[in-house]
Amino acid sequence: MKKFTCVADIGDLSLAVKEALEVKADRFAYTELGRNKTLLMIFFNSSLRTRLSTQKAAMNLGMNVMVLDVNQGAWKLETERGVVMDGDKAEHLLEAIPVMGSYCDIIGVRSFARFESKAEDYEERIIEQFIRYSGRPVFSMEAATRHPLQSFADLITIEEHKRVARPKVVLTWAPHPKALPQAVPNSFAEWMNAADYDFVITHPEGYELDEKFVAGATVEYDQRKAFEGADFIYAKNWAAYQGDSYGKILSTDRSWTVDAEKMALTNNAYFMHCLPVRRNMIVTDEVIESPQSLVIEEAANREISAQVVLKRLLEGLK
Ligand code: AN0
Ligand code: CP
């Protein structure tokens with residue numbers, strides 16, 4: 001594998017899950033593979049899980065790891081070509097990227113949607129420049145439109161817990177006080193469609209996602225109806241995608257919060273969320289603390305998804 005930014009990069013999903021379960025059963029089987037290889041993780045945004053799980057995965061493979069928080073101690077980076085750099089940005093991405101590439105073998109990048117320009121976000125201008133100019137295999141640690149390490153961990157978690165071959169999986173929008181990217185729901189949809197589950201998306205009107213990601217999924221505006229018979233409820237907030245509303249909050253309606261009464265409509269569904277989660281906005285204390293909540297297992301599987309991806313990138317070197 002030469003890069004990892006979307007579901008297509010991982011290839012056959014059943015093989016990927018099989019490999020994940022092998023890695024999980026013996027996470028130190030490949031400690032020689034990463035010897036004297038260096039991972040550089042670059043964060044333009046905050047992280048708890050991605051930072052720790054990816055570093056742990058790299059250490060399981062015997063790699064050396066460097067972490068750079070761009071906004072804490074590095075020079076402020078200009079990202080647009082052609083700008084007269086007379087402002088507060090001291091360095092251009094076009095120098096910074098090949099320099100960073102010269103110190104490592106593999107690069108992970110976290111760069112969220114900025115909501116300044118839909119085109120800039122949906123063309124993935126930041127991570128695409130890393131792919132083009134670093135000279136190294138690049139993987140996404142959540143880019144503007146996708147979070148594939150998360151979706152891969154979600155898929156592993158569903159495969160471990162499903163009770164039928166083709167479960168009903170429901171992605172539900174839930175309220176949040178700050179505008180959040182569409183990366184997690186886009187990516188989750190992309191992976192659930194690729195896995196060919198019975199996949200339903202529910203959200204208030206105006207929160208329609210990019211059709212490219214919705215693809216074959218069923219969209220149901222009535223959240224209660226969507227929950228009926230569900231095997232997995234995957235909650236997430238996102239800001240509006242469509243038209244002039246791009247990046248805006250259209251609703252904070254707490255009647256969309258996932259609670260026990262709604263979970264009772266499901267087929268005793270498991271509850272999932274990528275974390276970090278705002279309790280009693282997205283989900284009630286009762287549901288997230290219930291035996292059906294998979295949020296901790298899901299986060300733990302981030303180490304596994306990262307390890308499969310790093311293993312394949314290491315195998316693809318040279
Ligand atoms: C981010 C998001 O919604 O994309 C990261 C989730 C993994 N969440 C927040 O910024 C709260
Ligand atoms: N789920 C996830 O990516 O968490 P972090 O933002 O803490 O890395």
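Cut-offs and rules
Residues numbered from 1 in each chain as written. Chains lettered and ligands numbered in written order. Predicted model: local features only at pLDDT ≥ 70, side-chain atom pairs only at ≥ 80, totals over all residues. Heavy atoms only, no water. Near = heavy atom within 4 Å. Polar contact = N/O pair within 3.5 Å; in protein donor to acceptor, adjacent residues only side chain to side chain. Nonpolar A, V, L, I, M, F, W, Y, C, P; charged D, E, K, R; others polar. Pairing = 2+ DSSP bridges. Helix = DSSP H or I, 4+ residues; strand = E, 2+ residues; numbered from the N terminus. Core = buried A, V, L, I, M, F, W, Y, C linked by side-chain atoms within 4.5 Å. Buried < 20%, exposed > 50% of the residue type's maximum accessible area, 1.4 Å probe, protein only. Contact = heavy atoms within 4.5 Å. Areas by Shrake-Rupley, 256 points an atom, 1.4 Å probe, with all protein chains shown as cover. Phe/Tyr/Trp six-rings, centres within 6.5 Å; stacked < 30°, edge-to-face > 60°. Lys NZ or Arg CZ within 6 Å of the ring centre and 35° of its normal. Axes fitted to C-alpha atoms, helices over the stretch in contact; angles between N-to-C directions.

Visitor: Sorry if this is basic, but what is going on with the site of ligand 1 here?
Guide: For ligand 1, the full set of nearby residues is Phe112, Glu142, His147, Leu180, Pro181, Lys236, Cys274, Leu275 and Pro276. Glu142 is positioned with one of its side-chain polar atoms (N or O) 2.6 Å from an oxygen atom of ligand 1. In this structure, Lys236 approaches ligand 1 through a side-chain N or O atom, which is 2.7 Å from an oxygen atom. Here the residues of the shell around ligand 1 are counted per class, giving 6 nonpolar, 1 polar and 2 charged.

Visitor: Explain the sheet that holds strand 3 (residues 64–69) to me, please; I cannot follow it from the model alone.
Guide: The pairing of strands in a sheet happens through backbone hydrogen bonds and is either parallel or antiparallel. Spatial ordering of the open sheet is given by 1-7-6-2-3, a layout of 5 strands whose pairing is parallel. Bordering the open sheet on either side are strand 1 (3–4) and strand 3, each of which pairs with just one other strand. For strand 6 (residues 106–110) and strand 7 (residues 138–140), the ladder comprises 3 bridges, and the chain directions are parallel. Residue Val109 lies in a different strand from strand 7, and its bridge partner there is Ser140.

Visitor: Is there a simple way to think about the nonpolar core in this case?
Guide: Counting residues in each nonpolar core, the largest one holds 53 residues, and the members touching the most others are Phe139, Phe152, Trp191, Met192, Phe199, Ile201 and Leu310. Considering each element in turn, this core owes the most residues, 7 residues, to helix 12 (residues 295–315). Excluding residues within four positions of it along the chain, Met192 makes contact with Leu155, Ile158, Val169, Tyr197 and Phe199. Membership of the second largest hydrophobic core comes to 19 residues, among which are Ala230, Ile233, Val287 and Ala299.

Visitor: What is the right way to read the side chain of Thr266 from this model?
Guide: By the element assignment, Thr266 lies in the loop between helix 10 (260–263) and strand 12 (270–272). Not counting chain neighbours up to four residues away, the residues in contact with Thr266 comprise Phe227, Gly229, Ala230 and Ile233.

Visitor: Could you clarify how one ought to interpret the site of ligand 2 in this entry?
Guide: Every residue close to ligand 2 is listed here: Ser47, Leu48, Arg49, Thr50, Arg110, His147, Gln150, Cys274, Leu275 and Arg302. Here an oxygen atom of ligand 2 and a side-chain polar atom of Ser47 are 2.7 Å apart. If ligand 2 stood free it would expose 250 Å²; the protein chains cover 93% of that surface. Of the residues in the shell around ligand 2, the class split is 3 nonpolar, 4 polar and 3 charged.

Visitor: I tried to follow the packing of aromatic side chains on my own but got confused; where do I start?
Guide: The description of two aromatic rings rests on the distance between their centres and on the angle between their planes. Enumeration according to the criterion identifies 12 aromatic pairs in this entry. Taking the centre distance of 5.5 Å and the plane angle of 20° together, the rings of Phe152 and Trp191 count as stacked. With Phe152 in helix 6 (residues 148–161) and Trp191 in helix 7 (residues 183–195), this residue pair connects regions lying 39 residues apart in the sequence. Exposure class is identical for Phe152 and Trp191. Each is buried. Between Tyr241 and Tyr246, the ring centres sit 6.2 Å apart and the planes meet at 85°, which makes this aromatic pair edge-to-face. When its relative accessible area of 12% is taken as the criterion, Tyr241 is described as buried. Among the residues examined, Tyr246 registers a relative accessible area of 9% and is labelled buried. An aromatic cluster is defined as three or more aromatic residues linked by ring pairs; in this entry it consists of Phe115, Tyr122, Tyr241 and Tyr246. Of note, Arg51 hangs over the ring of Phe43, and the distance from its end group to the ring centre comes to 4.5 Å. Lys118 extends its terminal NZ or CZ atom over the ring of Tyr241, reaching a point 3.8 Å from the ring centre.

Visitor: Please explain the sheet that holds strand 10 (residues 218–219) as it appears in this structure.
Guide: The strand order across the open sheet built from 5 strands is 10-9-8-11-12, with neighbouring strands paired in parallel fashion. Edge strands, defined here as strands with exactly one partner in the open sheet, are strand 10 and strand 12. Looking at chain direction, strand 8 (residues 168–173) and strand 11 (residues 232–236) are connected through 5 bridges and run parallel. Its bridge partner being in strand 11, Leu171 is matched across the sheet by Tyr234. Packing of helix 7 onto the sheet brings it into contact with strand 8, strand 9 (198–202) and strand 11, and relative to strand 9 it is tilted by some 160°.

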